[in-house]
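Residues per chain, in single letters:
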Number of protein chains: 4
Amino acid sequence: MNMLKTPAIVVNLKTYLETTGKKALELAKVMERVSSETGVQMAICPQAADLRLVAENSNVPVFAQHFDVLKPGAGTGMTLPETVADAGACGTLVNHSEHRLTLADIDWCVQKAKALKLDTIVCTNNVATSAAAAALKPYMVAVEPPELIGGDISVTSADPAVVSGSVDAVRKVDEKVLVLCGAGVKNGKDVRGAIELGSAGVLLASGVAKAKNWEEVLMDLAKGAVE
Amino acid sequence: MNMLKTPAIVVNLKTYLETTGKKALELAKVMERVSSETGVQMAICPQAADLRLVAENSNVPVFAQHFDVLKPGAGTGMTLPETVADAGACGTLVNHSEHRLTLADIDWCVQKAKALKLDTIVCTNNVATSAAAAALKPYMVAVEPPELIGGDISVTSADPAVVSGSVDAVRKVDEKVLVLCGAGVKNGKDVRGAIELGSAGVLLASGVAKAKNWEEVLMDLAKGAVE
Amino acid sequence: MNMLKTPAIVVNLKTYLETTGKKALELAKVMERVSSETGVQMAICPQAADLRLVAENSNVPVFAQHFDVLKPGAGTGMTLPETVADAGACGTLVNHSEHRLTLADIDWCVQKAKALKLDTIVCTNNVATSAAAAALKPYMVAVEPPELIGGDISVTSADPAVVSGSVDAVRKVDEKVLVLCGAGVKNGKDVRGAIELGSAGVLLASGVAKAKNWEEVLMDLAKGAVE
Amino acid sequence: MNMLKTPAIVVNLKTYLETTGKKALELAKVMERVSSETGVQMAICPQAADLRLVAENSNVPVFAQHFDVLKPGAGTGMTLPETVADAGACGTLVNHSEHRLTLADIDWCVQKAKALKLDTIVCTNNVATSAAAAALKPYMVAVEPPELIGGDISVTSADPAVVSGSVDAVRKVDEKVLVLCGAGVKNGKDVRGAIELGSAGVLLASGVAKAKNWEEVLMDLAKGAVE
C-alpha cells in the first residue's frame, strides 16, 4: 500500500471505446515504457471488465475506477471489492464525479480498501469536500471541479485556488493524505502547474485516452513531472 | 439562523402514521407546551406534506427532513429547497441515515440552506464521517450509529465513545459546529447522558413519535436537559 | 376512483417557483373557474408540500407528482403514499420522466394507489413502454417522449405516431387503460390534436405553469378539448 | 442471437466469493462438461471483471449480469454495454432483483443489446411485470419472486401459479418471448417442475454456486431437463 511515488500521473480510462479491452492493455504498455524511460510514476484505471487483462500483462499499477458497497453474496451486476483485488488492482478510485457515493459509503470504501490492501484515491469537487474526504483518511484525495472535467482548460489555470486550497485544507485535517488534482489536464505544463500548486500529481482521462498519439502525450506529461 | 438554544431536543417524525397530518400538528402543540413550561429548546421535523400545516399553526421551530439537490424547474416529485422554506421550515435535516446523500450533495445542501437562511443538521454514522461533515460547516452534526437507530438501547449507553469522539473530532475541524447525538434515545436519562458526553442535545424519532403519551415522554426528556 | 371525465387536461406544477405555495393555490382557483365555465375536466399536480393547501382550498382534483415506495415507519425525507392521500390527493403521477421508477416499483405504486383509492397516471416514453405500463393496469398511461418535454413543439405535431401507437398498443394490452399524451403541449390546437390521435387528454406543465396569463392559456386549452 | 436451446439452465454467479475469478472459470469448465455429456443447454453469468476470463477459456455461453445505461465516454466505474460484448458475453441479464432498472432503462437495454447482438434475459417479480417486460420484446423473461430468491423452497413448489401465470401472460403479449423461472431452484426435480409449468428453463444462483460439488448438482439439474 501507499505504493505510488510522487509526483504521479494517474490515467482514468473511463468508458472510452478508445481504451476498452485490448486497447486498454496497449495503452498500459505505452505507459509502462514511458514511465520506465522517464522514471515518472504512472497508474492506470481500466474498466472493471478490463482489470485482469491489464494487470496480468503489464506492470503499471492498476487502479479500479470504482467498487460497490457490498459484501460477497447476493449482488448481481455489482462490482465487489474482493473481485477487484482478485483481478489484480492495487487500488481504486472512490467517489469519482461520474460515480458519486454517499459520505457513509466513501468511508466504507476507504476502510474496505485498507482491509484488502488497496490504495484509495477519493475524488472531490472543491476545497470543502477535499477537507471532508481527508477526515476519512484515504491514501489520496483528487480534487476535480466537475465543470472543468473533460474541458480544454486545465484546473491548474482555470482555478488554481481550488488546488492550493485543497492542499492546505487537506494538510490541516491530516497531513499524511496526499492531494492530486484533475480536470482539463492535458500536457506537461499542466502537470508542472499542479506540482507547483503543492499537489502530488494529476488524475486525467480524455487528455490521454482520446489522444491520437499516446506516447507523445505521456512523454510530455512525464516531462512536466520531472522538470 | 443558528436559532436553536442548546441543549436542544429535535424530534424527527419520519413517515410514522402516528405523526402524519393533523397528528403532526397535535404533537407540535404538545412540544410547544412542554418547551414553554420547561424552557427546553425543541424542534420538530414533519414530512414535507405536513410542513406548512405545522409551521403555520405552532411556534415550535420546524425542520424539514430532507430536501433534494435541484434548482427550481423540472423536478417532478422532488422536494425543492425553496419550497421547504416557503412552507415555513427554518432548517432541515441533511443526509439522514434513511436518506443518504453524496458528499458533494451534502456540501450543496449546506450551502443552499445558508442561502435560504435555513439551519442544517447533517446526520453522520461515526466519528470519521462526523469530522468530514464538520468540514462542510453545517450548523450542527448529528451522529447516529445506524445499527442503533430505532432500537431500545440509547447510543449514549451502547456506544458513548462515538458521541464523545464525534464531539472532539468535530471541534478539532471547526469549533463552531455543534454536535447532536441520536439512535435509541428515549428518556431524560439518555438526554442527560448526551449532554454529559459533550453534545448539544439529541435527535430522536420513535421514542417520541410512537409513544403512547407524548407529553409524558417529552416532559421526561426535557427534565434530562435541565438537570 | 377513475374520477376524471375525458378528455382531461392535467397540469403538472413540477418544482416551478411560479407555482409554488400560494401560487399553486392561485393557479388551482383559475383552473377551477375555467373548468367550471367550459365543462372541461382539469386536474392539478402540486409539489408534496403544497398538496394540502391546494386540496383543502379548491375543488380541482389534486394529483401528487410522485410517492415513494415505502411502508409507514422509518422513511425520513420520503413521500409516503398514505401521507399523500391524507393531504387530499385523489391520485398520483407515477414514473414521470423526472422521477423514473423501476418496473417492480411502478407495479407496487399502482397496487398501493388502488388500495388507497388513488388514481394513477403512469408516465412512459415510447410505444413499447406504454404497452408495458398498461400490463400493470393503471388508471391512465401518459406517453411523453423525453426529448420533447419542456420544448416548443407539441408531441402531437413532432411525433404523432408515438401517441397513436401508444393508444393502439395500450388498448391491445388492456382496453380499460386510458392514454394521455404530453411533451411540448401548449395550446388548444395541441389538445385537439391529442384527442384526434385517440388519446384521452393531455399532461402538460410549463405550457401552463410558466405562462404569463394562466386563464388565457387554460381557456384556450379547454376550447381545444370541446371543439 | 437467440442462441440458447431450450430447456436451458442459466447459472448466475452473483458476487459469491466461491465463484469469483479462477473459480468462475473452474465452474464454467464443469458446466461445459456436464452440458456436453447430457446435451442440456447451459449458460453462465460471471461478474463483469470475470467475463473475459470465462469467455476466452470455456465454450459455455457467457451472459453478463448487468450493463449500465450509458454511451461510451464519461462513465467512470460503469459497465458499458460495448465492453461487456468486447469481453466475450453473448447476452446479459437485465433488471435482476438485485439490480433493478427503470422501465425506460429496461427498454433501452433490450434495444442496445439487440444492436450489439446480445441476448437479453429480463428478470421480473410477478405475473404483471412479466407481461410488462414481454411488451419490450426481450429474448427471455425470467420470473423470480424476490421473497423466494436465495431460499430453500423452489418457486415451482412455493408458487407454481407465478410461473404458469407468467408463461400465459407473456405469451399473450408476445408469443416469441421465452419464459424462465427462478428463486429457490436447487435440483432436477425443480427443473422438471419448471418445464412442466411451461417455462423454457431455469435461472439459478446459490443452488449451484454455493454447492459443495458442482458437478453433482449440475448433473442432477441436467437430468431434470431431459427426463
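Look a little higher up for the structure.
Sequence order sets the numbering: in each chain, residues are counted from 1 along the sequence as written. Both sets of labels track the order of writing: A upward for chains, 1 upward for ligands. Owing to the predicted nature of the model, reporting of local features is limited to residues with pLDDT of at least 70; listing and counting of side-chain atom pairs is limited to 80 or more, with chain, interface and lining totals taken over all residues. Computation of side-chain values covers all heavy atoms of the structure but excludes hydrogens and water.

Participant: Please set out the layout of surface pockets residue by residue, giving values where relevant.
Facilitator: Take a probe with the size of a water molecule and roll it over the atoms, and the empty space left behind shows itself. The way it works is a 1 Å grid over only the protein atoms, where trapped points that fit a 1.4 Å probe form a cavity and open points with protein on both sides within 12 Å along at least five of seven lines form a pocket, and then any residue with an atom within 4 Å of a point lines it. Grid points are joined across faces, edges and corners, and a volume is the space filled by probe spheres set on the points. In this structure, the largest pocket encloses a volume near 550 Å³. Lining of the largest pocket is provided by A:Asp68, A:His99, A:Asp105, C:His99, C:Arg100 and C:Leu101. Throughout this entry, Asp, Glu, Lys and Arg are counted as charged residues, while Ala, Val, Leu, Ile, Met, Phe, Trp, Tyr, Cys and Pro are counted as nonpolar. The remaining residues, Gly among them, count as polar. Residues belonging to the lining of the largest pocket are distributed by class as follows: 1 nonpolar, 2 polar and 3 charged.

Participant: Explain the pattern of salt bridges to me, using residue names and the numbers behind them.
Facilitator: What makes a salt bridge here is a side-chain nitrogen of Lys or Arg within 4 Å of a carboxyl oxygen of Asp or Glu, nothing more. Per the counting criterion, the structure on display carries 40 salt bridges over all chains. A salt bridge links B:Lys210 to B:Glu18; the nearest nitrogen and oxygen atoms lie 3.4 Å apart. Separated by 192 residues along the polypeptide, B:Lys210 in the loop between α9 (206-209) and α10 (214-226) and B:Glu18 in the loop between β1 (8-12) and α1 (22-38) bring together distant segments of the chain. C:Glu32 serves as the salt-bridge partner of C:Lys29, at 3.4 Å between the closest nitrogen and oxygen. Of the two residues, C:Lys29 and C:Glu32 are both situated in helix α1 (residues 22-38); the distance of 3 residues between them amounts to about one turn of the helix. Several salt bridges share partner residues, and in doing so they unite A:Asp50, D:Arg52 and D:Asp86 into one network. Helix and strand labels come from DSSP, where a helix needs a run of H or I of at least four residues and a strand needs a run of E of at least two; each type is numbered from the N terminus.

Participant: Could you give me a rundown of the relation of the copies chain A and chain D, with the residues and numbers involved?
Facilitator: A rotation about an axis combined with a shift along that same axis relates the two copies of the chain. After a rotation of 180° and a shift along the axis of 0.0 Å, chain A superposes on chain D with an RMSD of 0.0 Å. A rotation of that kind, with that shift, is consistent with a two-fold axis. Of the C-alpha atoms belonging to chain A, the one lying closest to the rotation axis is found on A:Ala49, 2.0 Å away. A high fraction, 100%, of the interface residues of chain A reappear at the interface in chain D, so the copies pair face to face through one surface. Least-squares fitting of one copy onto the other uses the C-alpha atoms of those residues that reach a pLDDT of at least 70 in both copies. Contact between two residues is taken to exist if any of their heavy atoms lie within 4.5 Å; hydrogens are not considered.

Participant: So what's going on with the sheet that holds strand β3 (residues 63-64) of chain D? Residues and values would help.
Facilitator: Residues and elements named next belong to chain D. Pairing between strands is defined by DSSP: at least two bridges between them are needed. The strand order β2-β1-β8-β7-β6-β5-β4-β3 describes an open sheet built from 8 strands, whose pairing is parallel. If you trace the sheet from one side to the other, it starts and ends with β2 (41-45) and β3, each paired once. In this fold helix α1 (residues 22-38) packs onto β1 (8-12) and β2, with an angle of close to 170° to the strand it touches most, β2. All axes are obtained by fitting lines to C-alpha atoms, using only the stretch in contact for helices, and the reported angles, taken between N-to-C directions, cover 0 to 180 degrees.

Participant: Tell me about unusual backbone geometry, and please be specific about residues and values.
Facilitator: Of note, the bond from C:Thr6 into C:Pro7 is cis; its omega dihedral lies within 30 degrees of zero at 0°. Position of C:Pro7 among the secondary structure elements: in the segment before β1 (8-12). You will see that B:Ala183, though not glycine, has its phi angle at about 105°, which is positive. The residue B:Ala183 is located in the loop between β7 (178-182) and α8 (188-196) in this model. Exposure classes here rest on a 1.4 Å probe applied to the protein chains alone. A residue is buried below 20% of its type maximum, exposed above 50%, and partly exposed in between. With a relative accessible area of 5%, B:Ala183 lands in the buried category.

Participant: Kindly report on the sheet that holds strand β4 (residues 91-94) of chain C, identifying the contributing residues and their values.
Facilitator: Residues and elements named next belong to chain C. An order of β2-β1-β8-β7-β6-β5-β4-β3 is seen for the 8 strands of this open sheet, with the pairing classed as parallel. Strands with a single pairing partner mark the edges of an open sheet, and in this sheet they are β2 (41-45) and β3 (63-64). Bridge count for strand β6 (residues 140-143) against strand β7 (residues 178-182) is 4 bridges, and the pairing is parallel. Note on β7: the bridge partner recorded for Val143 is Cys181. Helix-sheet contacts for helix α4 (residues 103-115) involve β4 and β5 (119-124), and the interaxial angle to β5 is about 160°.

Participant: Provide a residue-level description of the side chain of A:Thr19, including the pertinent values.
Facilitator: Residues and elements named next belong to chain A. Note on placement: Thr19 falls in the loop between β1 (8-12) and α1 (22-38). With a relative accessible area of 0%, Thr19 lands in the buried category. Here the side chain of Thr19 touches Leu13 through a polar contact of 3.3 Å, landing on its backbone oxygen. Those residues in contact with Thr19 that lie beyond four places of it in its chain are Leu13, Ala24, Leu27, Gln47, Asp50, Ala209 and Trp214. Polar contact is the term for a pair of N or O atoms within 3.5 Å; when the atoms are in protein, one must be able to donate a hydrogen and the other to accept it, and sequence-neighboring residues count only if both atoms are side-chain atoms.

Participant: A description of α4(C) should follow, citing residues and the corresponding values.
Facilitator: An expected span of 1.5 Å times one less than the residue number is assigned to each helix. In this model α4(C) runs 19 Å from its N-terminal to its C-terminal C-alpha over 13 residues, within 8% of the 18 Å that 1.5 Å per residue would give. Restricting attention to buried positions, one finds in α4(C) the residues C:Leu103, C:Ala104, C:Ile106, C:Asp107, C:Cys109, C:Val110 and C:Ala113. Against β4 and β5 of chain C together with α4 (103-115) and α5 (127-134) of chain D lie the buried residues of α4(C). Two residues or fewer after α4(C) comes C:Lys117, characterised by a positive phi angle close to 60°.

Participant: Outline the pairing of strand β8 (residues 201-204) of chain A, supporting the account with residue identities and numerical values.
Facilitator: Residues and elements named next belong to chain A. The alternating pattern of β8 places Gly201 and Leu203 and Val202 and Leu204 on opposite faces, both of which are buried. Sheet analysis places β1 next to β8, joined by 4 bridges and oriented parallel. When the sheet's bridge partners are listed, Val10 is paired in β8 with Leu203.

Participant: Can you explain the arrangement of the chains? Please cite residues and give values.
Facilitator: Note that chain A does not reach chain C: the shortest distance linking a C-alpha of one to a C-alpha of the other is 16 Å. One finds no contact between chain B and chain D; the C-alpha atoms of the two approach each other to within 16 Å at their closest.

Participant: Describe α8(B), naming the residues involved and giving the relevant values.
Facilitator: Those residues of α8(B) lying buried are B:Gly188, B:Asp190, B:Val191, B:Arg192, B:Gly193 and B:Ala194. Residues of α8(B) that are buried make contact with α6 (155-158), β7, β8 (201-204) and α10 of chain B.

Participant: Outline the nonpolar core, supporting the account with residue identities and numerical values.
Facilitator: Here, the term nonpolar core denotes a set of buried Ala, Val, Leu, Ile, Met, Phe, Trp, Tyr and Cys residues that are joined through side-chain atoms within 4.5 Å. Residues A:Leu218 and B:Leu218 are the most contacted members of the largest nonpolar core, which totals 129 residues. Setting aside anything within four residues of it in sequence, one finds A:Leu218 in contact with A:Val11, A:Leu27, A:Val30, A:Met31, A:Val34, A:Met42 and A:Val208. C:Leu27, C:Val62, C:Met219 and D:Leu13 belong to the second-largest nonpolar core, a separate cluster that totals 128 residues.

Participant: Describe the interface of chain A and chain D, listing the residues and the values that go with them.
Facilitator: Size of an interface, as often reported, equals the accessible area lost when the parts are brought together. The interface is formed by 33 residues belonging to chain A together with 33 residues belonging to chain D. Buried area adds together the accessible area that both of two parts lose upon being put together, with accessible area traced by a 1.4 Å probe. Buried surface at the junction of chain A and chain D, summed over both partners, amounts to about 2700 Å²; 57% is from carbon and sulfur atoms. Between chain A and chain D we count 2 salt bridges in total. With a closest N to O distance of 2.5 Å, D:Arg52 and A:Asp50 form a salt bridge.

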